[in-house]
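# Results of the structural survey
Residue strings, one per chain:
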Amino acid sequence: MSYVAIADQVSELHDPQSFITKYVWSQDHKVIAIQYGTTAVLVGLVALVLSGLMRLQLGFPDTFDFIDPNSYLQFVTMHGMIMVIYLLTALLLGGFGNYLIPLMVGARDMVFPFLNMLSYWSYLLSVIILMASFFVPGGPTGAGWTLYPPQAILPGTPGADWGIILMLVSLGVFIVAFTMGGLNYVTTVLQARARGMTLMRMPLSIWGIFVATILGLLAFPALLVSAVMMMFDKVLATSFFMPALVSLGEHSETVGGSPVLFQHLFWFFGHPEVYIVALPAFGMVSDVLSVHARKNIFGYRMMVWAIVAIGGLSFVVWAHHMYVSGMNPTFGFFFATTTLIIAVPTAIKVYNWVLTLWRGNIHMTIPMIFAIGFIFTFTHGGLTGLFLGNVVIDLPLSDTYFVVAHFHMVMGVSPILVLFAAIYHWFPLASGRMFNERLGQLHFWFTFLGTYAVYLPMHYLGFLGVPRRYFAMGNTDFIPESAQTLNSGITVAALIVGLAQIFFIVNIIISIRGGRKCDKNPWNAASLEWLTPDMPPHHGNWGKTLPEVHRWAYDYSVPGAKDDFIPQTTPESEVVKENT
Amino acid sequence: MNIIGTLSQKPWLDNSPGEIIDETFGNGLRPKQIALNFFLGAVTVMFSLFIVTFVARSQYPDFQALAGDVWQPFYDPMRLWVNTGLLFIGGIAIQASSYFAKKEKTKYAVIALAFALVFTLQFLVAQMMLWQHLHNLGYYVASNPANSYFYILTAIHGMHLVGGLLVLMNALLSFYRKNSFIQFSNSVRLCTRYWHYFFVVWLVLFALMTSSTETFETLAALCGY
């Protein structure tokens with residue numbers, strides 16, 4: 001049979017005819033990516049505002065009447081859930097996954113475009129359901145982003161009626177949306193690559209997104225299972241997770257349920273979720289570093305192996321989140337060991353990023369400084385993770401701000417810095433214009449230094465024993481007055497970082513409208529997405545013929561070659577030599 | 001695909017034009033099979049986790065299995081066997097449909113598919129009757145964790161079959177509308193895999209539902225409880 005690329009089959013071409021099909025009910029992966037990205041950023045801004053409100057309360061207690069203990073807990077919960085699921089997961093996989101996969105592997109679109117469109121609209125529905133919980137009686141749930149029972153569904157917890165139900169429904173819809181998208185991503189990577197694009201020639205961005213998607217497909221069911229069972233406990237009064245207890249002076253009708261069972265389920269999803277966010281970020285930062293250092297990524301094979309190894313190991317470390325949960329103490333040894341083992345491939349990646357920079361021709365562009373910033377923040381967050389992975393260190397620190405500082409450095413700041421690096425890096429491709437360099441510089445330095453001003457002192461607060469999740473510290477003897485001063489300083493820094501994101505938003509808006517039009521492939525990158533006939537790429541990406549790939553994506557500064565990069569589509573015979 | 005071999009390649013040394021990725025998907029079936037496999041993988045995780053929590057939950061003192069003693073509803077699992085038989089015949093019918101579709105015997109394929117639809121629908125109705133039976137006996141959803149798991153697992157299993165039925169009906173309808181035999185044949189082949197998978201899931205659920213307290217204790221002991 002003659003070879004017909006999947007995206008070239010007539011039935012797969014779905015040329016949009018009207019404004020509605022082009023920009024609203026679009027099946028084009030690039031439009032869907034931007035829809036995903038825009039929605040994720042907007043809902044992320046809500047979460048950013050919530051964090052600002054939390055910080056106002058912590059920095060200046062007894063000052064703001066509109067923040068009470070209930071609303072504080074609701075802010076904490078919604079901030080966490082939105083940031084982890086509805087911003088990071090959606091933006092990294094729904095946004096960048098959608099945009100980059102077909103372009104980087106040389107396909108015209110995703111393999112199942114209709115399913116892809118359905119994925120976005122289901123995601124939007126899940127966001128709307130979640131946002132609706134702000135407007136129902138009792139407000140959104142304040143159970144903490146981990147939604148631990150029994151308190152999540154008991155009276156006394158804010159949002160224990162409608163809030164928690166909407167949260168669980170929203171998560172269910174999100175998981176359906178993710179599954180539809182995820183099936184598309186893995187199948188497109190496996191089946192729709194251009195001729196010559198072997199798996200080991202794929203850029204690391206695609207490897208990261210690919211493995212993260214598989215993790216998502218295998219981990220999100222755990223969240224679904226826990227959400228369904230908790231919904232039964234809430235609505236039908238079953239006792240999967242609900243033990244016999246006294247609530248508001250009354251004995252509950254439930255007996256025998258196990259809250260720890262929920263925690264196991266939640267973290268069986270929750271820890272792979274860390275890598276669902278981290279692996280695409282690892283991949284994208286590798287590509288940004290390589291392009292802007294004009295050097296091939298150091299240890300490509302090892303980087304791929306590390307991604308795969310981290311993906312596998314991420315399923316056997318979950319209970320390190322539960323050292324203080326009352327689970328069998330002997331588990332601690334196992335999970336501490338696996339946690340330390342997962343640090344090995346992760347450290348390999350960090351070394352390889354640094355070694356990619358070593359003797360590179362480093363261009364300190366905006367994407368590059370964000371990527372280098374990521375190496376710092378990720379190393380810091382990773383090192384504190386090694387502390388907390390050990391049971392004896394985790395026990396005293398678990399409920400303190402040390403943990404808040406750790407996971408924000410490793411899972412908040414680090415992927416967000418990569419997201420910014422990636423947005424600045426691929427902005428010219430998506431828009432055909434360059435962004436404003438000065439605004440980008442301001443954005444980076446305020447964000448990078450600002451986040452350090454927020455999270456470094458937070459580690460110290462944790463060592464002091466300042467407990468997390470508390471609305472106010474009250475008159476606690478073991479917390480010195482200076483801790484409050486530090487808290488005020490952190491709040492000021494956090495507000496500055498929050499406001500500094502205006503530089504980013506303004507930059508994007510003015511650059512889309514009036515940014516300098518850029519040449520094709522402004523970074524002189526070798527990977528396929530920059531080699532489309534049009535920039536931004538048109539519907540179908542590749543014009544009449546699909547590209548043919550002759551090399552990996554990292555041929556930078558190749559000895560003997562005249563240019564400092566060789567595009568993936570250039571055959572060996574067409575490489576211009578230095579002496580010609 | 002040789003995973004180790006693939007991961008051992010050294011892409012920086014190889015600048016050849018490269019091979020074609022996959023020649024087998026001329027009719028668009030292969031990507032769908034891959035997507036279906038991943039989907040069934042996700043579903044397997046979901047059912048496995050339900051089952052693991054079921055076994056864990058069975059070790060708490062309030063748990064009462066649905067079988068084992070004479071007064072328990074699945075002491076005599078005849079109803080379950082009848083339902084199993086219906087789903088089994090549905091599976092045979094869809095397998096036959098797939099066989100005829102491969103041989104391009106359209107008429108037989110459609111007839112067999114109709115049988116599959118009818119028997120699967122009957123299975124679903126029989127499952128609902130089983131719910132009603134248990135409800136009438138006083139086995140409510142919240143009165144015991146074993147009941148809760150029974151209702152939740154059969155509901156989720158049934159919902160997946162309903163989804164499969166919708167896909168099959170869509171395949172039939174679009175076959176009559178567009179007359180695309182390849183598309184019809186592909187759908188049937190994919191659904192066949194889906195049906196067999198959910199038959200196996202049902203057998204596992206059947207075994208769990210009819211397990212006695214002692215069996216749960218043994219299972220839990222094997223899991224380290």
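Residues numbered from 1 in each chain as written. Chains lettered and ligands numbered in written order. Predicted model: local features only at pLDDT ≥ 70, side-chain atom pairs only at ≥ 80, totals over all residues.

Turning next to the overall build of chain B. In terms of regular secondary structure, chain B is built from seven helices and zero strands. Counting from the amino terminus, chain B carries its helices and strands in the arrangement α-α-α-α-α-α-α. Looking at chain B residue by residue over its 225 residues, the buried ones come to 35%. Contacts spanning at least 24 positions in sequence make up 76% of the contacts within chain B whose residues lie at least 6 apart. (Helix = DSSP H or I, 4+ residues; strand = E, 2+ residues; numbered from the N terminus. Buried ≥ 20, exposed ≤ 12 C-beta atoms within 10 Å, placed from the backbone. Contact = placed C-beta atoms within 7 Å.)

For the rest of this paragraph, the subject is the overall build of chain A. Within chain A, the secondary structure is distributed over 14 helices and two strands. In terms of C-alpha radius of gyration, chain A reaches 24 Å, essentially the compact-globule figure of 25 Å for 580 residues. C-alpha atoms of chain A, sized along the principal axes, occupy 85 × 50 × 50 Å. When contacts within chain A are restricted to residue pairs at least 6 apart in sequence, long-range pairs at least 24 apart make up 79% of them. (Rg over C-alpha atoms; globule rule 2.2 N^0.38 Å.)

The next subject is the interface of chain B and chain A. The partner chain A presents 51 residues to the 39 residues of chain B that form the contact. Secondary structure elements with two or more residues in the side of chain B that touches chain A: α1 (3-7), α2 (29-57) and α5 (145-178) of chain B. Per-element tally for the side of chain B that touches chain A: the top contributor is α2(B), with 15 residues.

To continue, consider the packing of helix α10 (residues 366-389) of chain A against helix α12 (residues 401-431) of chain A. All names here are of chain A. Closest axis-to-axis distance for the α10/α12 pair is 8 Å, and the angle between their directions is 160°. On the basis of their axis angle, the class for α10 and α12 is roughly antiparallel. The chirality of how α10 crosses α12 is left-handed. Classifying every residue of the contact of α10 with α12 by side-chain character gives 17 nonpolar, 10 polar and no charged. (Axes fitted to C-alpha atoms, helices over the stretch in contact; angles between N-to-C directions. Parallel < 35°, antiparallel > 145°, perpendicular 65-115°, else oblique. Left-handed = near helix turned anticlockwise from the far one by under 90°. Nonpolar A, V, L, I, M, F, W, Y, C, P; charged D, E, K, R; others polar.)

The terminal C-alpha atoms of α10(A), which comprises 24 residues, lie 34 Å apart, in line with the 34 Å expected from a rise of 1.5 Å per residue. Here α10(A) lies mainly inside the structure; 17 of its 24 residues are buried. (Expected span 1.5 Å × (residues − 1).)

So, about the nonpolar core. All names here are of chain A. Formed by 241 residues in total, the largest nonpolar core has its most connected members in Val105, Ile206, Val285, Phe370 and Ala421. It is helix α3 (residues 69-105) that provides the largest number of residues to this core, a total of 24 residues. Look past the residues within four positions of Val285 in its chain and what remains in contact with it is Trp353, Ala371, Phe374, Val418 and Ala421. (Core = buried A, V, L, I, M, F, W, Y, C linked by C-beta atoms within 7 Å.)

Residues with a pLDDT of 70 or more make up 95% of chain B, whose mean pLDDT is 91. Scoring the predicted complex yields pTM 0.95 and, for the interface, ipTM 0.93. (pLDDT = per-residue confidence, 0-100.)

All right, on to unusual backbone geometry then. Residues and elements named next belong to chain A. Across the junction of Pro149 and Pro150, the peptide omega takes the value 5°, indicating a cis bond. As for its placement among the helices and strands, Pro150 is situated in the loop between α4 (113-132) and α5 (162-191). At the junction of Met535 and Pro536, the peptide bond is cis and its omega measures out at 0° in the coordinates. Mapping Pro536 onto the fold places it in the segment after α14 (481-514). Notably, Asn524 is not glycine yet its phi reads approximately 55°, a positive angle. Mapped onto the elements of the fold, Asn524 is located in the segment after α14. Take Asn524: there are 16 C-beta atoms within 10 Å of it, and that puts it in the partly exposed class.

Right, let's get into helix α4 (residues 106-136) of chain B. Residue and element names in this part refer to chain B. Look at α4: 45 Å from first C-alpha to last across 31 residues, which is about the 45 Å you get at 1.5 Å a residue. Here α4 has its buried residues at Ala109, Ala112, Leu113, Ala116, Phe119, Thr120, Phe123, Leu124, Gln127 and Leu134. Elements that come into contact with the buried residues of α4 comprise α3 (78-102), α5 and α6 (181-209).

Residues and elements named next belong to chain B. The geometry of α5 relative to α6 is characterised by a closest axis approach of 10 Å and an angle of 165° between their N-to-C directions. Taken together, the axes of α5 and α6 lie roughly antiparallel to each other. Along this stretch, α5 crosses α6, giving a crossing that reads as left-handed. Every residue of α6 that contacts α5 at Phe150, Leu153, Thr154, His157, His160, Leu161, Gly164, Val167, Leu168, Ala171, Ser174 and Phe175 is listed here: Gln183, Phe184, Ser187, Val188, Cys191, Tyr194, Trp195, Phe198, Val201, Trp202, Leu205 and Met209.

This next bit is on the environment of B:Leu40. Residues and elements named next belong to chain B. As for its placement among the helices and strands, Leu40 is situated in helix α2. Residue class for Leu40 comes out partly exposed when judged on the 16 C-beta atoms lying within 10 Å of it. Sequence separation of Leu40 and Tyr194 is 154 residues, and the distance between their C-alpha atoms is 7.9 Å.

This next bit is on the environment of A:Met81. Structurally, A:Met81 is set in helix α3. Taking C-alpha positions, A:Met81 is 8.7 Å from A:Ala47, a pair spaced 34 residues apart along the chain.

A few words now on the environment of A:Glu273. Position of A:Glu273 relative to the elements: it lies in helix α7 (residues 259-293). Put simply, A:Glu273 and A:Ala212 are 61 residues apart on the chain and 8.6 Å apart in space, counted from C-alpha to C-alpha.

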